[in-house]
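What follows is the residue order along each chain.
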Amino acid sequence: MNTRRPEPRGATPRLSEAKSRDPFCGRQKRGPSATLGATALCRRVFLASAAAVTIMPFAVHATPEALAAAIKEVTGDAPLREGKVTLDVPPLVENGNAVPLTVSVESPMTAGDHVKAIHVFNEKNPQPHVFNAWLSPANGRAVVATRIKLADTQKVVAVAETSKGEFWTVHADVIVTIAACIEGVT
Amino acid sequence: MTGLRLAAVLIAVFTASFALAQGDGRRSGYQDMSPALQKMQDDDTANPAMLFVQAGASAWTEKAGAAGKSCADCHGDASSSMKGVAARYPAVAPETGQPVDLEGRINLCRTTRQLADPLAAESDGLLALGAYIALQSRGQPIAPPGDPRLSSLRAEGADLYKRRQGQLNLSCANCHDDNAGRKLAGASIPQGHPTGYPIYRLEWQALGSLKRRLRNCVVGLRAEPWPYEAREYLALESWLMVRARGLAIDAPAVRP
Amino acid sequence: MANVLVNAPKTAKKGQVVEIKALIMHVMETGFRPGTNGRIIPRNIIEDFSATWNGREIFRMKMSPAIAANPFVSFSAVASESGIIAFRWSGDEGFVAAHQVDITVT
């Protein structure tokens, strides 16, 4: 996918030192720009990975395949069509720990034609699942908002399941930067 | 002494210029945030710091200590009695003649009025009361008191602010004056005005004080952070409030 | 006691679609982070959130570790009748929280 990554700024030191900052330590920001931002543990891990560039330490993150499999679990063999779903998420966030996200689906929300469920997935967190929400005509509108964690710059996918058994989808790319001057040993 | 006098003059000059708060190029961290985070802060039904405010509101009326008194027993309705208070601290505590920040003031009330144990630095209890009190000053301009007993502390703070420290050998001013508005890695460097404390920092996934934020900066410089009770924080806080004079309080703020 | 902040209108016209927002204090520990001792901090999240209107379920959500700390959820509902909107959160380590609000529908 055309997921963009923030430009590494080699000359600029990252004024960051973390014990607790990284929700998925070891899987976030695997570039030269990230080295100083990791915990002592992550830094060691990073050095190990720098030595063997292609080997990802803690390689427990969702992959495009895991993402596809998670979506398949929901859709089964039904076709997944682009459209009807709107995913409102900022294109660039200052911190991946709480990314506001709203999913809305075009639907009359009547007994005969409504959205039964909204599922959200991600590409690069340790697990592809974000949430499943179940709706009914009692909701009036097919809209769900929450805040999610994104461990890295990545794709977020929303899937809506209708009462007619249709599946509609949309995805969005989110660039995640990290706050400067973060927590050290306290 | 010359240094102190110079600092005092500087403070006077800054104070005078800061009185013309609007349009002088100063920006709160709020203005440097993305619209998504501004929205998160603005909506009291979505701002996670409001969970702490709610806890603080109930702590306000809870009796504590051997005196069996609540904050409300002395101060009544916080929405009137605490309005503007957070905009004035650090200030000199009348009981001791010593400068305290708002958290120090809360703990003085606990130990001298409620006859209770002080609340620990960064404890939920202290942050919650701090957030509830700070909320009452929303929109109020920062107004450091003109108390001469604060001058030397402010001068110390101004000096610390400009002092290079840590393995990176940087001062607060190197980032927040010289490079404010530019990027540090992916993050935008704010001017460092303490308008919104205690803040819900996404990095922490929790509410935290200005001291905690200053510690993060100090660690960022690769310097050893002072212990929570150190005078250095009080000095820096005092100087930062003078530096931010006139800017509006937006506590409890959300910050990245 | 869990710290919960729910926002729903106190009154609504029958048939009106109202927005309901719920915030709850919870660490939402992912189970993927090492602690200061290098060991993974065990997962501790809220997994289920549901809302009922006079006992009838109107919304249900299954959360994962990718939901931010102090979870915030908003959804809408058709104002059907006066009564109680009740919320329930449950998750790891036996976590359960409940909250309810009254709504008058005219």
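Residues numbered from 1 in each chain as written. Chains lettered and ligands numbered in written order. Predicted model: local features only at pLDDT ≥ 70, side-chain atom pairs only at ≥ 80, totals over all residues.

K.L.:
Account for the overall build of chain B, naming residues and giving values.
P.N.:
Scanning chain B from N- to C-terminus turns up eleven helices and seven strands. A globule of 256 residues ought to have a C-alpha radius of gyration of about 18 Å, and chain B, at 18 Å, matches this closely. When the backbone C-alpha atoms are referred to their principal axes, chain B occupies close to 50 × 45 × 35 Å. Going through the 256 residues of chain B one by one, you find that 46% of them count as buried. Look at the contacts in chain B between residues 6 or more apart in sequence, and 74% of them connect residues 24 or more apart. (Helix = DSSP H or I, 4+ residues; strand = E, 2+ residues; numbered from the N terminus. Rg over C-alpha atoms; globule rule 2.2 N^0.38 Å. Buried ≥ 20, exposed ≤ 12 C-beta atoms within 10 Å, placed from the backbone. Contact = placed C-beta atoms within 7 Å.)

K.L.:
Account for the pairing of strand β4 (residues 99–105) of chain A, with residues named and values stated.
P.N.:
On a regular strand, each side chain points to the face opposite its neighbour's, so the side chains alternate between the two faces of the sheet. All names here are of chain A. Among the seven residues that make up β4, six are buried, leaving the element largely enclosed by the rest of the structure. As paired elements, strand β2 (residues 85–88) and β4 share four bridges and run antiparallel to each other. Across the sheet, the residue bridging to Val85 is Val105, located in β4. (Pairing = 2+ DSSP bridges.)

K.L.:
Requested: an account of the packing of helix α6 (residues 102–113) of chain B against helix α7 (residues 124–135) of chain B, with residues and values cited.
P.N.:
Residues and elements named next belong to chain B. Between α6 and α7, the shortest axis-to-axis distance is 10 Å and the interhelical angle comes to 110°. Relative to α7, α6 is oriented roughly perpendicular. In this structure, α6 crosses over α7, and the sense of that crossing is right-handed. Of α7, the residues touching α6 (which contributes Leu102, Glu103 and Ile106) are Leu126, Leu129, Gly130 and Ile133. Tallied by class, residues from the contact of α6 with α7 come to five nonpolar, one polar and one charged. (Axes fitted to C-alpha atoms, helices over the stretch in contact; angles between N-to-C directions. Parallel < 35°, antiparallel > 145°, perpendicular 65-115°, else oblique. Left-handed = near helix turned anticlockwise from the far one by under 90°. Nonpolar A, V, L, I, M, F, W, Y, C, P; charged D, E, K, R; others polar.)

K.L.:
Before we move on, could you go through the interface of chain B and chain C and cite the residues and values that matter?
P.N.:
The interface is formed by eight residues belonging to chain B together with nine residues belonging to chain C. Residues of the side of chain B that touches chain C, tallied by class, amount to five nonpolar, three polar and no charged.

K.L.:
Please give an account of the confidence of the model for chain B that cites residues and values.
P.N.:
On average, chain B scores 92 in pLDDT, and the residues at 70 or more come to 91%. In the predicted structure, residues 12–21 of chain B sits below a pLDDT of 50 and forms twelve contacts with residues beyond four places in sequence or in another chain. (pLDDT = per-residue confidence, 0-100.)

K.L.:
Tell me about the interface of chain C and chain A, and please be specific about residues and values.
P.N.:
Think of interface size as the accessible area that goes away when the parts come together; that is how it is often given. Between chain C and chain A, the contact holds 27 residues from the first and 30 residues from the second. Contributions of two or more residues to the side of chain C that touches chain A are made by β5 (56–63) and β6 (72–78) of chain C. The residue inventory of the side of chain C that touches chain A, partitioned by class, reads 18 nonpolar, six polar and three charged. Where strand β7 (residues 142–148) of chain A meets β6 of chain C, three bridges bridge the pair, whose relative direction is antiparallel. For Ala145 of chain A, the partnering residue across the bridge sits in β6 of chain C and is Ser74 of chain C.

K.L.:
Account for the packing of helix α8 (residues 151–162) of chain B against helix α11 (residues 231–243) of chain B, naming residues and giving values.
P.N.:
All names here are of chain B. Axis separation between α8 and α11 bottoms out at 7 Å; the angle between their running directions is 90°. Considering their axes alone, α8 and α11 lie roughly perpendicular with respect to each other. Here Leu153, Arg154, Glu156, Gly157, Ala158, Leu160 and Tyr161 of α8 come into contact with α11, specifically with Glu232, Leu234, Ala235, Leu236, Ser238, Trp239 and Val242. Of the residues contributing to the contact of α8 with α11, the split by class is nine nonpolar, two polar and three charged.

K.L.:
Could you give me a rundown of the sheet that holds strand β6 (residues 206–208) of chain B, with the residues and numbers involved?
P.N.:
All names here are of chain B. Taking strand neighbours across the sheet as the criterion, the three strands line up as β6-β5-β7 in an open arrangement whose pairing is mixed. Every interior strand has two partners, whereas the edge strands, β6 and β7 (254–255), have only one. Pairing geometry for strand β5 (residues 199–201) and β7, over two bridges, is parallel. Considered in β7, the bridge of Tyr200 is made with Val254.

K.L.:
Lay out the nonpolar core with the relevant residues and their values.
P.N.:
Formed by 133 residues in total, the largest nonpolar core has its most connected members in Ile118 and Ala160 of chain A together with Phe52 and Ala131 of chain B. The element best represented in this core is α7 of chain B, accounting for nine residues. Sequence-distant contacts of Ala131 of chain B, defined by excluding residues within four places in its chain, comprise Ala49, Phe52, Val53, Gly56, Pro198, Leu207, Ala251 and Pro252 of chain B. (Core = buried A, V, L, I, M, F, W, Y, C linked by C-beta atoms within 7 Å.)

K.L.:
Summarise α7 of chain B; cite the residues concerned and give the values.
P.N.:
All names here are of chain B. Here α7 is twelve residues long and its end C-alpha atoms lie 16 Å apart, about the 16 Å a rise of 1.5 Å per residue gives. Within α7, ten of the twelve residues are buried, leaving the element largely enclosed by the surrounding structure. Looking at the packing, one finds that the buried side of α7 touches α3 (49–60), α5 (78–81), α6 and β6. (Expected span 1.5 Å × (residues − 1).)

K.L.:
So what about the environment of Tyr233 of chain B? Which residues, and what values?
P.N.:
Residue and element names in this part refer to chain B. Here Tyr233 is to be found in helix α11. Accessibility expressed as a C-beta count within 10 Å gives 26 for Tyr233, which makes it buried. Residues Tyr233 and Ala93, spaced 140 residues apart in sequence, show a C-alpha to C-alpha distance of 17 Å. With near-sequence residues (within four places) excluded, Tyr233 lies in contact with Lys211, Leu214 and Trp226.

K.L.:
How would you explain unusual backbone geometry if you had to name every residue and give the values?
P.N.:
Tyr89 of chain B connects to Pro90 of chain B through a cis peptide bond whose omega is 0°. Along the chain, Pro90 of chain B falls in the loop between α5 and β1 (91–92). Put simply, Ala251 of chain B and Pro252 of chain B share a cis peptide bond, and its omega is -10°. Positionally, Pro252 of chain B belongs in the loop between α11 and β7. Despite not being glycine, Lys84 of chain A has its phi angle at roughly 65°, a positive value. Residue position: Lys84 of chain A is located in the loop between β1 (80–82) and β2.

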